[in-house]
Amino acid sequence: MTRLRNALGGEVLGLIGFLILVVILFGLTAPRFLTAANFGSIAFQLPELGLLTLAMLIPIISGGLNLAIVFTANIAGLTLAWVLNTHGGVDAGFEWFVVGSLGALIVGALAGMVMGLVIAYTGAHPILVSLAMMIFLRGLGEFLTKGGDISGFPDYLRPLGHGLILGIPVPLILFAVAAFVWHILLTRTRHGFAATMIGSNIRAAAYSGIHTKRTLTLIYTLSGLMCAVAGILMVARFNSVRVGHGEALLLVTVLACFLGGVDPFGGFGRVVPVVIALIVLQALSSGLNLLGANQHLSTAVWGLFLIGVMVLRWVAAQIPKRRKG
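K.L.:
Sorry, what's going on with the pattern of salt bridges here?
P.N.:
Two side chains carrying opposite charge are able to pair once their charged atoms lie near each other. Scanning all chains against the criterion turns up two salt bridges. Close ionic contact of Arg-138 with Glu-247 constitutes a salt bridge, the shortest N to O distance being 3.0 Å. Highlighted residues: Arg-138 in helix 5 (residues 126–145) and Glu-247 in the loop between strand 4 (240–241) and helix 11 (249–259), separated in sequence by 109 residues.

As C-alpha cells, then:
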C-alpha cells in the first residue's frame, strides 16, 4: 500500500511538473495562451472529454475496456432529445427535461448493464462485447435519426452547457462533482476495492469472497450511467444530437487513463492523476491550435506523447533493478 501511495504521489507530481512545462512553453510561443479567454475555452471543452474518461476508467481498472462509451452517450442524448421534441421542442417544459434526463440515464445504465452481464456470465472478452455494443448502438442511432442531426431544444438548457456560477463554467462544476463521486467510489467503497481486486486477479478475487459477476455487472452499469451524463451535457453544449458526435474522443479517453497512471492490465488507477492528465492533454490541444497546428497534428502529438510516457516508465522501472543487480 505504501508503494502504491508513493507511486501515486510521484505520478501526480510528475504530471503537475509537465503541466507547468506545457503552460510555460505555450505561454512563450502562443501569446493568446495565457489569457482568460483561452482558459475559459479549456474549462468548457474539458468536461465532455472528462466525463467520457471517467466512464472508461473503472472498466480499465477492472482489467477490461468499454469501447461503446461514445455511442452510449449519443443514444442517451437521443433519448433526451426525443422526449423534448415530442413534448414541444423549444417550448417543452422543464419537467420534460427531467423526464428525458431520467430516461437518458436509464438507457445509458441499461446499455452498460447488458455489457456487464455478458462479460460476467459468459466470460466473453470486454473488448469484443463492448465493440459489439458499439456497433449495435451506432446502427440503432443511425436508423432512428436517418444519419441526421436532431436539434431545437428549450433555452433553459443553455445555462447547463454554457452558464457560469461564480465565474466557474457549469460543465466544469458538473465534471468536478462526477470526478469527486468517482474518487469516493474507488477509494472509500467495497465496490471500488472489488473492482481493483478483479483487475489484479479475478480468480483470487473470487476465492477471497468477492462476488465477481455482480461486481463486473455493476462496473459496466456505472460506466454506462456516466456516459449518459456526458450525453446530456452534449445536448446542452451543442443544442443538437448526432450519432457519432465525439467519436474521436474514444482513444483520447484511453490515453488520458494511461497517462494518469492507470495500469493498462487492470488492478490500479486513481481519479486525481487522470484528471490532471486530462488538463495536460487539453492544454496541449489548445496550445497547438493557437499555434495554427492542424487538428490531426494534435492527435499525432497525443499518440507520440503516449509512446514517450511508456518509454519513460519502462526506463524508470529498470533503474531500481539495475541498482539491485
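K.L.:
Where do I start with the state of the cysteines in this structure?
P.N.:
Each disulfide consists of a covalent bond between the sulfur atoms of two cysteine residues. Applying the stated rule across the entire model yields zero disulfides. Of all cysteine sulfurs, the one in Cys-257 lies closest to Cys-227, which takes part in no disulfide; the gap is 12 Å. Take Cys-257: its relative accessible area is 0%, and that puts it in the buried class.

K.L.:
Would you mind showing me how to read the packing of aromatic side chains here?
P.N.:
To describe a pair of aromatic rings, one takes the distance between the centres and the angle between the planes. Going through the model one piece at a time under the given rule, you end up with five aromatic pairs. Considering the side-chain rings of Phe-26 and Phe-33, the 5.5 Å spacing of their centres and the 35° angle between planes classify their relative orientation as tilted. Under the relative-accessibility criterion, Phe-26 is labelled buried at 5%. We classify Phe-33 as buried; its relative accessible area is 1%. Taken together, a centroid distance of 6.1 Å and an interplanar angle of 75° make the contact between Phe-33 and Phe-39 edge-to-face. The ring of Phe-238 has Arg-237 lying over it, and the distance from NZ or CZ to the ring centre is 5.4 Å.

K.L.:
Explain the packing of helix 3 (residues 69–85) against helix 10 (residues 212–238) here, please?
P.N.:
Between helix 3 and helix 10, whose axes approach to 7 Å, the crossing angle comes to 55°. Here helix 3 lies oblique to helix 10, going by the angle between them. Here the hand of the crossing between helix 3 and helix 10 comes out right-handed. Contacts between helix 3 and helix 10 involve Ile-69, Thr-72, Ala-73, Asn-74, Ala-76, Gly-77 and Leu-80 from the first element and Ser-223, Gly-224, Cys-227, Ala-228, Ala-230, Gly-231, Ile-232, Met-234 and Val-235 from the second. Across the contact of helix 3 with helix 10, the residue classes tally to 10 nonpolar, six polar and no charged.

K.L.:
When you look at the nonpolar core in this model, what are you seeing that I'm missing?
P.N.:
Within soluble globular proteins, side chains that are nonpolar generally end up buried alongside one another. Judged by nonpolar contacts, the single largest core of 95 residues is most densely connected at Leu-54, Leu-57 and Trp-182. Take this core: its biggest share by element is 12 residues, from helix 10. What Leu-54 contacts, discounting residues up to four positions off in sequence, is Phe-175, Ala-178, Ala-179, Trp-182, Met-226 and Val-271.

K.L.:
Sorry, what's going on with helix 4 (residues 94–122) here?
P.N.:
For helix 4, spanning 29 residues, the distance from its first C-alpha to its last is 42 Å, which sits close to the expected 42 Å at 1.5 Å a residue. For helix 4, the set of buried residues is Phe-97, Gly-100, Ser-101, Ala-104, Gly-108, Ala-109, Ala-111, Gly-112, Met-115, Gly-116, Ile-119 and Ala-120. Where helix 4 is buried, its residues contact helix 3, helix 5, helix 6 (158–162) and helix 10. Directly beyond the C-terminal end of helix 4, a positive phi value near 80° is found at Gly-123.

K.L.:
It is not clear to me how the side chain of Thr-145 should be interpreted in this structure. Could you clarify?
P.N.:
Mapped onto the secondary structure, Thr-145 falls in helix 5. A distance of 2.8 Å separates a polar side-chain atom of Thr-145 from the backbone oxygen of Gly-141. With near-sequence residues (within four places) excluded, Thr-145 lies in contact with Leu-78, Ile-150 and Val-243.

K.L.:
Help me understand helix 2 (residues 36–61) in this model?
P.N.:
Taking 1.5 Å per residue as the helical rise, helix 2 with its 26 residues ought to reach 38 Å, and the 36 Å between its terminal C-alpha atoms agrees with that figure. The largest bend in helix 2 is about 30°, located at Leu-46, with the proline Pro-47 one to four residues further on. Among the 26 residues in helix 2, 20 count as buried, and that is most of the element. Positioned one or two residues after helix 2, Gly-63 has a phi angle of 90°, which is positive.

K.L.:
Sorry, what's going on with a nonpolar patch on the surface here?
P.N.:
There is a patch of nonpolar side chains on the surface, built from Leu-304, Ile-307, Met-310, Val-311, Trp-314, Val-315 and Ile-319 and spanning about 690 Å² of accessible area. Along the chain, the position of Ile-307 falls in helix 13 (residues 295–324). On the basis of relative accessible area, Ile-307 is assigned to the partly exposed category, the value being 47%.

Scoring rules and cut-offs
Residues numbered from 1 in each chain as written. Predicted model: local features only at pLDDT ≥ 70, side-chain atom pairs only at ≥ 80, totals over all residues. Heavy atoms only, no water. Salt bridge = Lys/Arg side-chain N within 4 Å of Asp/Glu carboxyl O. Helix = DSSP H or I, 4+ residues; strand = E, 2+ residues; numbered from the N terminus. Disulfide = S-S within 2.5 Å. Buried < 20%, exposed > 50% of the residue type's maximum accessible area, 1.4 Å probe, protein only. Phe/Tyr/Trp six-rings, centres within 6.5 Å; stacked < 30°, edge-to-face > 60°. Lys NZ or Arg CZ within 6 Å of the ring centre and 35° of its normal. Axes fitted to C-alpha atoms, helices over the stretch in contact; angles between N-to-C directions. Parallel < 35°, antiparallel > 145°, perpendicular 65-115°, else oblique. Left-handed = near helix turned anticlockwise from the far one by under 90°. Contact = heavy atoms within 4.5 Å. Nonpolar A, V, L, I, M, F, W, Y, C, P; charged D, E, K, R; others polar. Core = buried A, V, L, I, M, F, W, Y, C linked by side-chain atoms within 4.5 Å. Expected span 1.5 Å × (residues − 1). Polar contact = N/O pair within 3.5 Å; in protein donor to acceptor, adjacent residues only side chain to side chain. Bend = angle between axes of the 7 residues up to and from the residue. Patch = residues over 30% accessible without salt bridge, like charges linked within 9 Å, V, L, I, M, F, W, Y side chains within 5 Å. Areas by Shrake-Rupley, 256 points an atom, 1.4 Å probe, with all protein chains shown as cover.

These results come straight from atomic positions and should not be treated as a statement about function.
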